[in-house]
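Close look at the chain arrangement
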Amino acid sequence: MKNCRNIPEEALFVSTTALNWSAFGRDDNPSFNVSFPATRVVFDPSRPYAYLSDSGDKALVVVNLTNGLVERQFALDWPPESIAVSPNGQSMCVALLTQPHGYGSFGPYTNYIAEFDLSAQAKTNEIQIPADAGDLALTDHGFLVVAGGSGQWTALQTFRTSDGSLLGTVNQVYMLGRLALHPAQNAVYLATTQLSPADIYRYDFDPTTGVFGSSWGSPYWGNYGMGGVWCSPSGTNLVTPPGDIFSSSATQANDLIYQTTLSGGGVAAIAFDMPHSA
């Protein structure tokens, strides 16, 4: 699925080719049209649903991918943007922004995170955070990683979703970085999108406390195109938008090392097929 930030069109096709449709009684790969410019889109890892941020109407929209119908709309008090689903498919967090991102917006910030129980398809909680959420990552244990979205040099922070407690902070992180949670759920990779050349950084955190530990960047400076990152479910490789493959390791000397480049050009989105090693 393409990164849908700042789409100017009035409609967006939701591609479903990455789903295992045989599990839902279908053998085709349909595409469905929605009538608004989705700010972000994520797929439910356990159910045939897509979740879309409709910032214009301040709503989270649930699309049933078996028939293309809007299953439900959640009315929100503030425009939604970033969405993160926990790896186990049980929880989802959505960033609610009280003001747009801005290079000259230096805070203090007051924004909100809406939490959803995906099994019940219900909103269960809303917390206030002192951060401008540019991107999110969510663990199975309810730790939310928030990358700052305003003020140029900002912060990466962890929060407990149950009560909004701030657990950890790393400063000097540039705004609007894109996050990828490592499958071990003890680290995130952050790709810068507003700096040239772009780079990728790894930030370790304690999976039981949310406190940050070691961090480092790639050993390259403009050698490879970056600007985004996906982590393979195996936890051994990373993929970037140009199609470059890098290693993933908890040891700095072995991490973020270029491996190869995918054939076929750039990458807009990735889905992994682990049963077929693809």
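Further up the page is the structure itself.
The present account deals with the structure reproduced in this document. This is a predicted model, so every value here is computed, not measured.

Focus on the environment of aspartate 132
Within the element layout of this structure, aspartate 132 appears in the loop between β10 (122-129) and β11 (133-138). Residue aspartate 132 is classed as buried on the basis of its relative accessible area, which comes to 2%. For aspartate 132 and leucine 96, which are 36 residues apart along the polypeptide, the C-alpha to C-alpha distance reads 9.3 Å. If near-sequence neighbours (up to four positions away) are discounted, aspartate 132 is found in contact with Gln99, Pro100, His101, Tyr109, Asn111, Ala147, Gly148, Gly149 and Ser150. A distance of 2.6 Å separates a polar atom in the side chain of aspartate 132 from a polar atom in the side chain of histidine 101.

Looking at the pattern of salt bridges
On inspection of all chains with the given rule, the structure shows six salt bridges. A salt bridge links lysine 123 to glutamate 126, with the shortest nitrogen-to-oxygen separation between them at 2.6 Å. A relative accessible area of 36% places lysine 123 in the partly exposed class. For aspartate 135, the salt bridge goes to arginine 178, with nearest N and O atoms at 3.2 Å. Linking aspartate 135 in strand β11 with arginine 178 in strand β15 (residues 178-181), this pair joins segments that are 43 residues apart in sequence. Taken as a pair, aspartate 135 and arginine 178 share a single burial class, namely buried. Bridged by salt links that share partners, the residues Arg40, Asp135 and Arg178 form one connected network.

Re the sheet that holds strand β18 (residues 212-217)
Strand pairs in the sheet, formed through backbone hydrogen bonds, run parallel or antiparallel to each other. Here we have four strands laid out as an open sheet, ordered β15-β16-β17-β18, and antiparallel in their pairing. The open sheet terminates on both sides in strands that have one partner only, identified here as β15 and β18. Taken over all neighbouring pairs, the strand axes of this sheet differ in orientation by 20° on average, direction set aside. In terms of strand pairing, strand β16 (residues 187-191) meets strand β17 (residues 200-205) through five bridges, oriented antiparallel. Its bridge partner lying in β17, valine 188 is registered against tyrosine 203.

Considering the side chain of aspartate 255
Here aspartate 255 shows up in the loop between β21 (244-247) and β22 (258-261). Here aspartate 255 sits buried without a salt bridge, and the closest side chain of opposite charge, arginine 202, lies 4.5 Å off (N-O distance). A polar atom in the side chain of aspartate 255 sits 2.7 Å from the side chain of tyrosine 189.

Observations regarding unusual backbone geometry
The residue after glycine 107, namely proline 108, is reached through a cis peptide bond having omega 5°. Within the element layout of this structure, proline 108 appears in the loop between β8 (91-96) and β9 (111-117). With an omega of 0°, the peptide bond between serine 196 and proline 197 qualifies as cis. Secondary-structure assignment places proline 197 in the loop between β16 and β17. One non-glycine residue, leucine 176, adopts positive backbone phi at about 65°. Positionally, leucine 176 belongs in the loop between β14 (166-174) and β15. A positive phi angle is found at glutamine 185, which is not glycine, with a value near 60°. By secondary structure assignment, the location of glutamine 185 is in the loop between β15 and β16. The class for glutamine 185 is buried, based on a relative accessible area of 14%.

Rules used throughout
- Residues numbered from 1 in each chain as written.
- Predicted model: local features only at pLDDT ≥ 70, side-chain atom pairs only at ≥ 80, totals over all residues.
- Heavy atoms only, no water.
- Helix = DSSP H or I, 4+ residues; strand = E, 2+ residues; numbered from the N terminus.
- Buried < 20%, exposed > 50% of the residue type's maximum accessible area, 1.4 Å probe, protein only.
- Contact = heavy atoms within 4.5 Å.
- Polar contact = N/O pair within 3.5 Å; in protein donor to acceptor, adjacent residues only side chain to side chain.
- Salt bridge = Lys/Arg side-chain N within 4 Å of Asp/Glu carboxyl O.
- Pairing = 2+ DSSP bridges.
- Axes fitted to C-alpha atoms, helices over the stretch in contact; angles between N-to-C directions.
- Lys, Arg positive; Asp, Glu negative; His and termini not counted.

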